[in-house]
Every structure is written in C-alpha cells, then in structure tokens.
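Understanding the architecture of this molecule
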Amino acid sequence: MAFDIKSPGLATTVQDQGRTGHYNVGIPQSGSLDQYSAELGNALVGNTAKEAVLECTYLGPALTTDQDAVLAVTGAPVEVKVNGEPRPQWTRLQLKAGDELSFGVIQGGTRYYIAVQGGIDVPEVLGSRSTYSLGAIGGFHGRKLEAGDRVPVGSPLDGGAVPDVDTVPEEFRPVFAKEQTVRIVLGLYDHRLTDEGLDNLLHGEWKVTPVADRMGLRYSGPGVKWKEREQPFGAGSDPSNIVDAGYAVGSIQIPGGTQPIILHRDAVSGGGYAMVGTVISADMDLVARAAPGTSTKFVAVSMDEALAARKELAERKNNARAALGLSG
Amino acid sequence: MSSPAPAVLEARYTWGGDEFLFVEVSESMSLAANFRVMSIAEKLSELELPGIVDICPANASLLVRFDPDVLPPSTLEETVRTIEGDLAHHHQQALETRIIEVPVWYDDPFTAEVAERFREGFHQEPGGSDIDYAAKVNNLKDAAEFIKRHHEQPWLVSMVGFVAGLPFLFQLVEREKQLEVPKYLSPRTDTPALTVGHGGCFGCIYSVRGAGGYQMFGIAAAPIFDPAQALADFKDFMVFFRPGDIVKFKPVTEAEYNSIQAEIAAGTFRYRQAPVTFDLAKALANPEGYNQELMEALNGI
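To keep things clear, this report deals only with the structure shown in the data block. (Residues numbered from 1 in each chain as written. Chains lettered and ligands numbered in written order. Predicted model: local features only at pLDDT ≥ 70, side-chain atom pairs only at ≥ 80, totals over all residues.)

Turning to the overall build of chain A, a few remarks are in order. Across its full length, chain A carries four helices and 20 strands. The C-alpha atoms of chain A give a radius of gyration of 20 Å, which matches the 20 Å a tight globule of 328 residues would have. Along the first, second and third principal axes, the C-alpha atoms of chain A reach 65 × 40 × 35 Å. Out of the 328 residues belonging to chain A, those deemed buried represent 52%. A separation threshold of at least 6 residues defines the contact pool for chain A, and within that pool the share at least 24 residues apart is 76%. (Helix = DSSP H or I, 4+ residues; strand = E, 2+ residues; numbered from the N terminus. Rg over C-alpha atoms; globule rule 2.2 N^0.38 Å. Buried ≥ 20, exposed ≤ 12 C-beta atoms within 10 Å, placed from the backbone. Contact = placed C-beta atoms within 7 Å.)

Structure (structure tokens):
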C-alpha cells in the first residue's frame, strides 16, 4: 500500500520518535517535533507510538491512497478534506482506495501530523525512520516529499485493531495559543550573563521570529548582556563564544547577545556559542507548536520541577490513551 | 617542552534541562583537557549504565544525554564525578587509536568559487583569498608557507559533530605554533562538501554541503560521510572519523585529486591508515619528535 503525493506541501517529512545513540558523531535526534500530537495520531489508528507519520508544516500535501486506509490528522488546527469534503481533526478517518486527502489553511500553530494504520513504511536508518535532511538520511530518500513520490505504508498491526473511541476528547488536545510560557532549567553557561542580561531573559517578552524550523527557533526581544572577559584560548572573540562544545537539545544560545535561539530536534550537535539554559523535556512539544509572532515568557524551574513536569506529561498521555479505551 | 601543559582543574558540572549533563573540563582548549574528556567518556561508556542515551566527548567538555526515568540525575553525576576522581589519581596516558592520511587539494577551484561569492561584508579581507589572510594573521611569509604548516604536523580529532561526521581538528604542536584564524565576519550560506576549514584554533573538514563560518583552504579528495556506505572504509558505519583519530593531511595536485576521484567512482579508494598508540606525556614533552614517530606508522602502507 502507498500514498501517491499529488502536491508535497511546504515541508512534509517522514518522522517517528527519533534517532538516538549517534549524537556523538553529529547525527541529531530528529523525529516528530510535536511528539504528543504524533503519538495520539498513532493511537487513534491502532498503531504503537513507534510508527512513522507524516509531519506537515503550515501547508500540507495533497495525496491519494491506492488502498482503503485508516488515518487520523492531529496537531495544529487545519481544515482536513477528503475528496474536497471537510472532515474532523483528532478523529479516525476511513478512506477508500483512490480517495484524496488534502488540507485547507492552517489556523494556528505550525505542524500537523498524518498518522496511518500500519505506519509510513520507509526503511529504518540507524534505528529510525525519521528524516534528517541535512545529512540526507532516513525518511523518504533522506528528503522532504515531492510531487510524484509514492510513499509506502506498512501492514496494520494486530490485524487492524483500533481503539473503541474514534476521537480524542477536547480536553486532551493541545492548545495552540499566541502566548506561551516555556519552562527552562538555567545552567550550562548562564554564569556568563550579566545580572541585567539574566533578568531580561527571564522577565522580558520574547517573540518567535520567522526564522524558525526543525533546527531551531529564533526569538526577538530585549536582548541580553554578556560579561566581558579575556576569551579563553580556542574560544572565539565574542563574549558569547566558547570553545566548541556539545549542544543539549532544547538549549538556548544567544549569539552576540541579541536573539535567543532554542535548538530543536534537527539542530547542529555542537558549536561555539554559549548556552544559558535548556527547555525542559515536557515543554519541547510546546515550543514546536509556536508560530512566528508567538509571545513567549521563559520561566526558570528547578531540576525537581522539570522531572515532575515530565511525569505529568506522561500521565496526561496515559489519560488521553485511556480516554480512547487503550490501556497504559 | 617550551610551554607547560595548562593544569586541568576539577571539572564544572551543570545540567542541560532534565535530559543532559554537561561537564566542562576546561574553559580553554588544550590537548590535556581533550585527553581528559575522552578518558572520562571512555570509562563512562565501559560502564554500560542503563539510562545513558548518548555520550558526546567534545573539545574540552563532555555532554551526556540520559533518560531520567531510568537513571536519576544525581546518580549520573556521582558516577561521572567518581570516574573523574579516579582518572586524576591514575593518569590514563595512552589512547589506542589510528593515524589516517587525508589527501587535500589546497587552494582548489571549488572553495575559491564559493569564497568569491562571500567577500564584501563576510570576509575580513575581501580583496584576497582565505589562505592569504590566514598566512598574514599568523605572521607567515605567504600562502605556501601556511599550507606547509597546515600539513607538516598531524592533527587530533578532538570532537565530531556540528553536522553528521564533521571532525574538529586540533594540531599536535605547541600552543605558540598553533595556527589561529578568526572565522568569517558573518557565516556563509554555502560551503562545498569536504572543504578543509579553520576557525579559531580548530581545523575541520565539512562533511556535507551547507552553511559555515570557517576560513576555507582546500578540498579533501575523498568522502568522510557516506550514507550509502559504498566504499570499504564505510562498511561498518557511514561516519568515518571518531574522536581520538589522528589526521595527517597530504597535499595533492589536481591530477592526483582526479585520479582519487576515479578510484572513488570505481569503489576502490581506501584511506591509508595505521593503528597507533597515542601517548599524552610523549606528545606534550616533544610534540614534533613524537609526531615523527606517529607518522612513521604510515610508511610502507
């Protein structure tokens, strides 16, 4: 079974939970940026959380299926159409062979997900089907989809069993707001900021700029100040430079002290810019949902608070699955 | 040794959110700091601790990704601190590694063409070439002398990353002989794949085409990242370099470069390489004498 891509959309890629274990040679995590939405899409169609989905950015694809298909669209709010007729999001859909899936205009957020029973069946590369475009590995021939592509779909698990409930209740759908509060753990090189710089970071209003993609999101705002110092041997000449080091996924760097950049799943694995903190794992999906213009506050939390938030998110996922009639 | 090894003090431990531990061994780059990082990384990976996701040694720091649901942060920190403490008492001085000859066409037309497109507003001296500028800021006579300094002594792969398979290289010479060149004023949006670059005290080889801010001196003749794993050197893994590898650049002419391209197309190209034991104490005591010894391993291969 396969999807035939009529038009590819802006940046549609195959993603799954990501690729770990090779960050030490610069191969990034990749994977669906909004894992929560992708996972619930998979749950709706009877997949495990591991199956690969299509991640659509702003403008989705138009595709036809060559066989009957069970699918669901989750993530950012968008008009979903089958043969031109509107269909609900966050709900299991049945398509007949030859049916066309397409999308209207996105109404908030950035990314939505097409989950299909059986999952997108491209070969695994280093343990994952996720696309890493810069290295041209994983996904569909290591790149975003193009018109004319035939994207293979796998066989359903458990003979195509699906959960009892066919729609994710409203309370378990994420909010795609124009304001966000993002929790961070300060650290790494935050000691290199002046008190005023740190104050700006934590109390200033920051806005997502259009320079935002799978590698990272750039924010505009009041800027920060770095402490002046004699730069250590091997570090660059700017006070925001360090001897090139590994970058934590979710870490925030502020080159030149002007615009903070949050590194996301396709980011470079290291470099010479000082990081001042890291978005907690529970808020990485939230950051992925931010559209340009989203007003953002960064709030510092402790490690214990970050771990508690991580637990809460896992519970929320479990409760959402339970609401569909799934266990655990 | 003319300049003493900078003392490696106790490392700084800090968190990158709830999934990353960052251990800064030293604020400044040195062979001793990099060696300490690699030793900690090696010992940590030997433990095969459940919950460790990635162990990433970098130039003078270590990044460890972990799953806090399996491995509590405090347990990980204690473990790494214990390893660091043990290493301070039992100096692990030797590293089993390999030396690799990397053919480079210096002053090549590919990087020259790209450099041409990024002069005004990007480069410190838009009127000249990157090598001319590098020679000047290092007080060397001319480009030829810079190139000689670049390939005469070997380099240590002190980190792999940025993008897939990109080696950061630190030349195995005394600090006052290290080539230092500022990065471009503003990064380019294009760099040819296999560009031999330099920024600050680090050399690199760009593994894929893309953005970059390092000065460009030449083009490596053979792949270092091969997702198709077509060549024999990539049979086990698509990335060629590992931290701790030693690189000896070998200048090649256009004709030699072309004949290597033919070998790559035929699938017969192999890097010249040999196993070596790298001894930190010897490297610090007499860098050039010890380099000579290391490079002899390549003879007759």
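The structure having been displayed, the exposition proceeds.
Moving on: the nonpolar core. Ranked by size, the top nonpolar core spans 139 residues in total, and within it A:Val276, B:Leu62, B:Val64, B:Val104 and B:Ala220 carry the most contacts. Sequence-distant contacts of B:Ala220, that is, excluding residues within four places in its chain, are made with B:Val102, B:Val104, B:Leu194, B:Val196 and B:Ile205. Listed in part, the 42 residues of the second largest apolar core include A:Val80, A:Ile114, A:Phe140 and A:Phe176. (Core = buried A, V, L, I, M, F, W, Y, C linked by C-beta atoms within 7 Å.)

For A:Asp158, which is not glycine, the phi torsion reads 45 degrees and is therefore positive. Tracing the backbone shows A:Asp158 in the loop between strand 11 (150-152) and strand 12 (179-186). If you check the backbone angles, B:Phe162 has positive phi at about 80 degrees while not being a glycine. With respect to the element layout, B:Phe162 can be found in the loop between strand 6 (155-160) and strand 7 (167-171). What makes B:Phe162 buried here is the crowd of 23 C-beta atoms within 10 Å.

On to helix 1 (residues 31-47) of chain B. Taking 1.5 Å per residue as the helical rise, helix 1 of chain B with its 17 residues ought to reach 24 Å, and the 25 Å between its terminal C-alpha atoms agrees with that figure. Residues B:Leu31, B:Ala33, B:Asn34, B:Phe35, B:Arg36, B:Val37, B:Met38, B:Ser39, B:Ile40, B:Ala41 and B:Leu44 constitute the buried set of helix 1 of chain B. (Expected span 1.5 Å × (residues − 1).)

Turning our attention to the pairing of strand 12 of chain A. All names here are of chain A. Relative to strand 20 (residues 295-300), strand 12 runs parallel, the two sharing six bridges. Directly across from Gln180, in strand 20, lies its bridge partner Thr296. Here strand 12 pairs with strand 19 (residues 275-279) via three bridges, running antiparallel. Pairing of Leu186 across the sheet is with Gly277, part of strand 19. (Pairing = 2+ DSSP bridges.)

Let us now look at helix 8 (residues 287-296) of chain B. All names here are of chain B. Those residues of helix 8 that sit buried are Pro287, Asn291 and Leu294. Looking straight down helix 8, one finds its buried side chains confined to an arc of 60 degrees; they lie on one side. Those residues of helix 8 that are exposed and aimed more than 90 degrees away from the buried face are Gly289, Gln292 and Glu296. Tucked into the core, helix 8 has its buried residues touching strand 5 (94-106), strand 11 (246-251), strand 12 (272-279) and helix 7 (280-285). (Arc of directions from axis to C-beta.)

Across a sheet, paired strands are connected by hydrogen bonds in the backbone, their directions being either parallel or antiparallel. Residue and element names in this part refer to chain A. With antiparallel pairing, the five strands of this open sheet are ordered in space as 2-3-10-5-8. A strand with exactly one partner marks an edge of an open sheet, and here the two such strands are strand 2 (13-15) and strand 8 (92-95). This sheet shows a mean twist of 30 degrees between the axes of neighbouring strands, independent of strand direction. Its contacts with the sheet place helix 1 (residues 35-44) against strand 2, strand 3 (53-57), strand 5 (69-75), strand 8 and strand 10 (111-116), and it is angled at close to 25 degrees to strand 10. (Axes fitted to C-alpha atoms, helices over the stretch in contact; angles between N-to-C directions.)

Accessible area lost when the parts come together is the quantity often used to give the size of an interface. Facing 43 residues of chain B, the contacting portion of chain A comprises 40 residues. Of all elements in the fold, only strand 1 (12-16), strand 2 (20-24), strand 3 (52-57), strand 4 (61-66) and strand 6 of chain B reach the threshold of two or more residues within the side of chain B that touches chain A. Looking at the side of chain B that touches chain A, the element that brings in the most residues is strand 3 of chain B, giving five residues. For the side of chain B that touches chain A, the residue count by class is 26 nonpolar, 10 polar and seven charged. (Nonpolar A, V, L, I, M, F, W, Y, C, P; charged D, E, K, R; others polar.)

Residue and element names in this part refer to chain A. If you trace the six strands from one edge of the open sheet to the other, you get 7-6-9-4-1-11, paired in antiparallel fashion. Sheet topology places strand 7 (85-87) and strand 11 at the edges, where each strand pairs with a single neighbour. Taking each pair of neighbouring strands and ignoring which way they run, the sheet shows an average axis angle of 30 degrees. In this sheet, strand 11 lies alongside strand 1 (residues 2-7) in antiparallel orientation, the contact comprising three bridges. Each bridged residue has a counterpart across the sheet, and for Asp4 the counterpart in strand 11 is Arg150.

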